[in-house]
Amino acid sequence: RPFVDIQEEIKAEVVEKDIKLVIVDSAVKACGGEKEGKENALPTLTALGALGCSVALISHRAKDKEKKGSYGSIYFENDCRHVVEMSSPPQDPEKPIYIKLANVKSNITRRSPDMAFQIEWHDDHCCEITSKDVRDVPELLATLSISKQILAALRRGALSAEALASEIGTTEATIRTKLNALLK
């Protein structure tokens with residue numbers, strides 16, 4: 001059912017159990033399954049905001065690369081105070097999984113630095129989750145901005161603009177432009 005239809009019973013449970021976080025999976029389903037338009041998104045977001053606790057609203061990216069924002073409605077991002085995007089590069093199922101969390105919007109405070117986690121499954125159906133530095137995971141390093149890739153490469157020692165361009169896979173002119181911006 002759409003969240004607006006059950007908001008009073010959810011609110012009562014939040015108050016009764018002193019719940020601090022509600023996780024909604026997914027934004028489109030909470031709107032009643034209507035995937036487009038603010039007619040359903042804004043009332044749902046307003047109802048979620050009235051719960052009196054933090055809400056983690058899960059939404060997928062729009063499949064259309066030309067379309068900015070979350071699947072269903074741009075309001076899922078525009079109306080939120082804090083947006084974290086989770087991504088994972090293509091991975092070998094025999095190796096650990098890497099996940100990156102990027103704070104893409106924050107109206108609350110400064111954006112947090114990107115975070116990475118390694119998930120390793122064991123034979124006993126348990127998993128081990130380890131925090132990683134995004135810059136130390138080659139599968140995730142390429143997802144960072146060119147400026148962040150330059151800084152990660154320079155952590156290992158001095159490199160020429162030509163060597164940086166070769167390592168990052170861009171032009172020397174782009175490297176020089178980004179280095180000049182970093183020095184300002």
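Every value quoted in this text rests on a predicted model; they were computed, and no experiment measured them.

Let's talk about the environment of Tyr-71
Here's step 1: Its location among the elements puts Tyr-71 in the loop between β2 (54-58) and α4 (75-78).
Here's step 2: Residue class for Tyr-71 comes out partly exposed when judged on its relative accessible area of 33%.
Here's step 3: Taking the C-alpha atoms as reference points, Tyr-71 and Ile-99, separated by 28 residues in sequence, lie 20 Å from one another.

What about the sheet that holds strand β4 (residues 97-106)?
Here's step 1: Read from one edge of the open sheet, four strands run β3-β4-β5-β6, paired in antiparallel fashion. Edge positions in the sheet fall to β3 (82-87) and β6 (127-132), since each of these pairs with one other strand and no more. Strand-to-strand twist in this sheet, taken as the mean axis angle between neighbours without regard to direction, amounts to 25 degrees.
Here's step 2: Here β4 pairs with strand β5 (residues 115-121) via five bridges, running antiparallel.

Things to note about the side chain of Lys-105
Here's step 1: Residue placement: Lys-105 occurs in strand β4.
Here's step 2: Sequence-distant contacts of Lys-105, defined by excluding residues within four places in its chain, comprise Glu-77, Asn-78, Asp-79, Cys-80, Arg-81, His-82, Val-83 and Arg-111.

Things to note about the pairing of β5
Here's step 1: As judged from the six bridges shared by β5 and β6, these two strands associate in the antiparallel manner. By the bridge assignment for β6, Ala-116 is matched with Lys-132.
Here's step 2: The turn joining β5 and β6, which pair antiparallel and follow one another in sequence, is formed by five residues; a positive phi near 65 degrees is taken by His-125.

About the thresholds
- Residues numbered from 1 in each chain as written.
- Predicted model: local features only at pLDDT ≥ 70, side-chain atom pairs only at ≥ 80, totals over all residues.
- Heavy atoms only, no water.
- Helix = DSSP H or I, 4+ residues; strand = E, 2+ residues; numbered from the N terminus.
- Buried < 20%, exposed > 50% of the residue type's maximum accessible area, 1.4 Å probe, protein only.
- Pairing = 2+ DSSP bridges.
- Axes fitted to C-alpha atoms, helices over the stretch in contact; angles between N-to-C directions.
- Contact = heavy atoms within 4.5 Å.

The values are spatial; any link to function lies outside them.
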